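One-letter residues, chain by chain:
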Amino acid sequence: MMGADYDLVVRGGTLATAAEVFEADIGIRDGLIAALGRGLGRGTEEISAKGMVVTPGGLDSHCHLEELGQDGSAQEESFASGSAAALAGGTTSFLCFLPQWKGRSLADSAPGYEARARASRADYGFHQIITDPTPEVMEREVPALVARGIRSLKVFLTYDPLMLTDRQFLQVLAAARRLGAFVTVHCENYDAIGWRIEALLKAGLTDPLQHAWSRPPVVEREATHRAIALAELVDQPIQVFHVSCEAAAAEIAAAKARGLKVWGETCPQYLTLSHDDLQGPDFAGAKAVCSPALRERAENERVWRRIQDGTLDVVTSDHCGFSFATQKRVAGSSAYGTGAAAARPDGTPMFNAIPNGVPGIETRLPVLFSEGVSKGRIDLPTFVRLSSANAARLFGLAGRKGSLAPGADADLVLWDPDAERTIRNAGLHHAIDYTPWEGMAVKGWPEVTLRRGEVAARGGEVLAQPGSGRFLARGPYDLARPRGVVPDGFDAAAQG
Ligand code: URP
Ligand code: ZN
Ligand code: ZN
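Conventions and cut-offs
Residues numbered from 1 in each chain as written. Chains lettered and ligands numbered in written order. Predicted model: local features only at pLDDT ≥ 70, side-chain atom pairs only at ≥ 80, totals over all residues. Heavy atoms only, no water. Helix = DSSP H or I, 4+ residues; strand = E, 2+ residues; numbered from the N terminus. Rg over C-alpha atoms; globule rule 2.2 N^0.38 Å. Contact = heavy atoms within 4.5 Å. Areas by Shrake-Rupley, 256 points an atom, 1.4 Å probe, with all protein chains shown as cover. Lys, Arg positive; Asp, Glu negative; His and termini not counted. Charge placed at Lys NZ, Arg CZ, Asp CG, Glu CD. Axes fitted to C-alpha atoms, helices over the stretch in contact; angles between N-to-C directions. Parallel < 35°, antiparallel > 145°, perpendicular 65-115°, else oblique. Left-handed = near helix turned anticlockwise from the far one by under 90°. Nonpolar A, V, L, I, M, F, W, Y, C, P; charged D, E, K, R; others polar. Donors = N, O, S within 2.8 Å, 3.2 Å for Na, K, Ca; no water. Buried < 20%, exposed > 50% of the residue type's maximum accessible area, 1.4 Å probe, protein only. Pairing = 2+ DSSP bridges. Tetrahedral: all angles 85-135°; square planar, octahedral: opposite > 155°, others 65-115°. Near = heavy atom within 4 Å. Polar contact = N/O pair within 3.5 Å; in protein donor to acceptor, adjacent residues only side chain to side chain. Phe/Tyr/Trp six-rings, centres within 6.5 Å; stacked < 30°, edge-to-face > 60°. Lys NZ or Arg CZ within 6 Å of the ring centre and 35° of its normal. Expected span 1.5 Å × (residues − 1). Bend = angle between axes of the 7 residues up to and from the residue.

**Q** Please clarify how the overall build of the chain should be interpreted in this entry.
**A** Counting secondary structure elements, the chain contains 14 helices and 17 strands. Over its C-alpha trace the chain gives a radius of gyration of 22 Å, about what one expects of a compact globule, namely 23 Å for 496 residues. In terms of its C-alpha atoms, the chain occupies a principal-axis envelope of roughly 80 × 55 × 40 Å. Contacts spanning at least 24 positions in sequence make up 76% of the contacts within the chain whose residues lie at least 6 apart. On the chain, roughly 17700 Å² of surface is accessible, and the fraction owed to carbon and sulfur atoms is 51%. Placing the 51 positive and 60 negative side-chain charges of the chain at their respective mean positions leaves the two points 2 Å apart.

Here you go:
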């Protein structure tokens, strides 16, 4: 009896890649895709994918797990629970955040965080947040991080404890360019938000809906325009994170049309939720407070159009683990809030002191598949680009993640495109006490998730153990390189 040709064969599925859809088997050896084709030889194990759509495992390039606050306390969503949720929802790898706090070194800002991440069941990497770009941080600590494979930075243009001035942002862009690191940006105008919050509170308007009123689209549009202009000045590639509206997306489209290396990310919340979700009895609107804020209902379709025309390249979860009972109802319980941590007479926070962010690491892909593919807004290759392939390109993981080609990690999701489910928090694997998509009907469901050739989740049961995820070190890559175009031919960033 001859030995098997592969460790595992996923047989007879409809494969969707970033470019095409075709019928084939997938042969897997040593955790990697070894072959694609019809009628592949035998596997030691075989999984039938008949009637299923097979995509690369999701890469969620923006989520917050077990993130450390200034006092060293960790967000409620642990790496073990958040990664279980990721796998159950078809996401096999993710990038989350190492914080920096003003006045502190990187090392002092996140003690033990990388050790915590080793509990992940999915593969993981980090973006480094920069809030205080001192020469020591930018010339000593960041180069050491980049050398260890942490090759992307996030900067905030708002939030009191996090925001950078334009001058500091330029310093970060220039340092990133010298190091071959990629920069991601939270684009909202800090002073405009502060000014409107003050006026809203003076007017006695304190409800969760006023969170959106404090930061309307023009606030996001202005900061997006400025971030792109400053990145152009330095000649540094950037991705604009969590784009919520047409006005900001139009800035990205204009930058792309001029050949700049600018990319855009959005999230399911900006495609499906709206001001309606910021209202409701018993402070329920707090569950949907995130920044940028949710927009009016009509904006959802405009963001879809910016996906369809290629302006927005990636859909991430921006998962934030703030439970309704423990954090959303506690004023100032996160750095992701703005201004004084004041409570109202009933004890609930003023809108500006509600922790910003929603949980969505498990629902990201089912919502995108259902609202996108099943409703005919996007085709399967677009789904693959948005859910994994583009993030892999942008963050230095191309060839390894987001691909069904031989040599790639065998991260696969078997989707039942006809399965109809109702999202219920009780059925999710995260540690958070609510989902903003409670009761939403979806069509299309990730039945089986394979991570590096092993069944990591099947039928809602997570089989991958804590600690089985691997750190994704990222080396130099072309997309993060500058264009070589600077004003007047004078390269200020090269001066150090
Ligand atoms: O509201 C959000 N997005 N919270 C998470 C922090 C961030 O800005 O990504
Ligand atoms: Zn952000
Ligand atoms: Zn975020």
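The structure having been displayed, the exposition proceeds.
**Q** I tried to follow the packing of helix H9 (residues 246-257) against helix H11 (residues 298-308) on my own but got confused; where do I start?
**A** Angle between the axes and distance between the axes are the two parameters that describe a pair of packed helices. Packing of H9 against H11 brings their axes to within 9 Å, and their N-to-C directions diverge by 15°. Judged on the interaxial angle alone, H11 and H9 are roughly parallel. As for the relative orientation of H9 and H11, their crossing is left-handed in sense. Here Glu 246, Ala 247, Ala 249, Ala 250 and Ala 253 of H9 come into contact with H11, specifically with Glu 299, Arg 302 and Arg 306. A per-class count over the contact of H9 with H11 returns 4 nonpolar, no polar and 4 charged.

**Q** Explain the coordination of the zinc ion (ligand 2) here, please?
**A** Ideal values for angles at a metal depend on the geometry: 109.5 degrees with four tetrahedral donors, 90 or 180 degrees with six octahedral donors. Looking at the metal site, the zinc ion (ligand 2) is ligated by Lys 154 (NZ), His 186 (ND1) and His 242 (NE2), spaced 2.1 Å from it. Between the donor residues of the zinc ion (ligand 2), the gaps in sequence give the motif K-x31-H-x55-H. The distance between the zinc ion (ligand 2) and the zinc ion (ligand 3) comes to 4.2 Å. Separated by 56 residues along the polypeptide, His 186 in strand E10 (residues 182-186) and His 242 in the loop between strand E11 (238-240) and H9 bring together distant segments of the chain. Taken as a pair, His 186 and His 242 share a single burial class, namely buried.

**Q** It is not clear to me how unusual backbone geometry should be interpreted in this structure. Could you clarify?
**A** Most peptide bonds adopt trans geometry, and most residues besides glycine take a negative phi value. Residues Ser 291 and Pro 292 are joined by a peptide bond in cis, for which omega reads -10°. Structurally, Pro 292 can be placed in the loop between helix H10 (268-272) and H11. Although it is not a glycine, Glu 66 sits at a positive phi angle of roughly 50°. Within the secondary structure, Glu 66 is located in the loop between strand E6 (58-60) and helix H1 (79-88). For Glu 66, a relative accessible area of 11% translates into the label buried. Here Asp 318, not a glycine, exhibits a phi torsion of approximately 50°, which is positive. With respect to the helices, strands and loops of the structure, Asp 318 is situated in the loop between strand E13 (312-315) and helix H12 (324-328).

**Q** Any chance you could explain the side chain of Ser 388 here in plain terms?
**A** On the secondary structure map, Ser 388 appears in helix H14 (residues 380-394). Those residues in contact with Ser 388, other than ones at most four positions away along the chain, are Pro 56, Gly 57, Gly 58, Leu 59 and Gly 402.

**Q** Just checking my understanding: could you explain the sheet that holds strand E7 (residues 91-98) for this structure?
**A** The pairing of strands in a sheet comes from backbone hydrogen bonds and takes either a parallel or an antiparallel form. The parallel open sheet is built from 8 strands, whose spatial order is E6-E7-E8-E9-E10-E11-E12-E13. At either end of the open sheet lies a strand with only one pairing partner, and these are E6 and E13. Adjacent strand axes in the sheet meet at a mean angle of 30° when their direction is disregarded. Pairing of E10 with E11, which is carried by 3 bridges, proceeds in the parallel orientation. Bridge pairing in E11 places Val 183 opposite Ile 238.

**Q** What's the story with the coordination of the zinc ion (ligand 3) in this structure? I'm lost.
**A** Every protein donor of the zinc ion (ligand 3) is accounted for by His 62 (NE2), His 64 (NE2) and Asp 318 (OD), and the metal-donor separations fall at 2.0 to 2.1 Å. Note that the zinc ion (ligand 3) binds 4 donor atoms; their angles at the metal cover 88 to 119°, and the shape is tetrahedral. Sequence spacing among the residues donating to the zinc ion (ligand 3) works out to H-x1-H-x253-D.

**Q** How should I be thinking about the site of ligand 1 in this particular structure?
**A** The environment of ligand 1 is formed by 14 residues, the closest being Lys 154, His 186, Ser 291, Asp 318 and Asn 356. The contact in question runs from an oxygen atom of ligand 1 to an N or O atom on the side chain of His 62, over 3.3 Å. Contact between ligand 1 and Ser 291: an oxygen atom at 2.7 Å from a main-chain N or O atom of the residue. Protein contact buries 100% of the 260 Å² of open area that ligand 1 shows by itself. Its residues assigned to classes, the shell around ligand 1 comprises 5 nonpolar, 7 polar and 2 charged.

**Q** What exactly am I supposed to notice about the packing of aromatic side chains here?
**A** The geometry of two aromatic rings is summed up by the distance between their centres and the angle between their planes. Inspection of every chain in the model, using the stated rule, returns 16 aromatic pairs. When the ring of Phe 79 is compared with that of Phe 94, the centres are 6.3 Å apart and the planes differ by 25°; the resulting orientation is stacked. Separated by 15 residues along the polypeptide, Phe 79 in helix H1 and Phe 94 in strand E7 bring together distant segments of the chain. Of the residues examined, Phe 79 reaches a relative accessible area of 0% and is grouped as buried. A residue is classified by how much of its surface remains accessible, and Phe 94, at 0% relative accessible area, is buried. Judged by centre distance (5.9 Å) and plane angle (55°), the rings of Tyr 113 and Phe 126 are tilted. One end of the pair, Tyr 113, is in helix H3 (residues 113-117); the other, Phe 126, is in strand E8 (residues 123-129), with 13 residues separating them in the sequence. Assigned by exposure class, Tyr 113 and Phe 126 land together as buried. Across the ring face of Phe 324, the terminal group of Lys 287 is positioned such that the distance to the ring centre comes to 4.8 Å.

**Q** Would you explain the environment of Cys 63 in this entry?
**A** With respect to the secondary-structure elements, Cys 63 resides in the loop between E6 and H1. A relative accessible area of 0% places Cys 63 in the buried class. Here the alpha-carbon distance between Cys 63 and Ala 250, two residues 187 residues apart in the chain, equals 25 Å. Discounting residues that sit within four places of it in the chain, Cys 63 has contacts with Phe 94, Leu 95, Cys 96, Phe 97, Ser 317, Asp 318, His 319 and Ile 361.

**Q** It is not clear to me how helix H4 (residues 135-147) should be interpreted in this structure. Could you clarify?
**A** Across its 13 residues, H4 extends 18 Å between first and last C-alpha, which sits within 8% of the 18 Å expected from 1.5 Å per residue. Taken as a whole, H4 carries its principal kink of about 30° at Glu 141; the proline Pro 143 stands between one and four residues after it. Those residues of H4 lying buried are Val 137, Met 138, Glu 141, Val 142, Leu 145 and Val 146. Along its buried surface, H4 packs onto helix H2 (106-109), E8, strand E9 (152-156) and helix H5 (166-179). A positive backbone phi angle near 100° is found at Gly 149, which sits one or two residues after H4.

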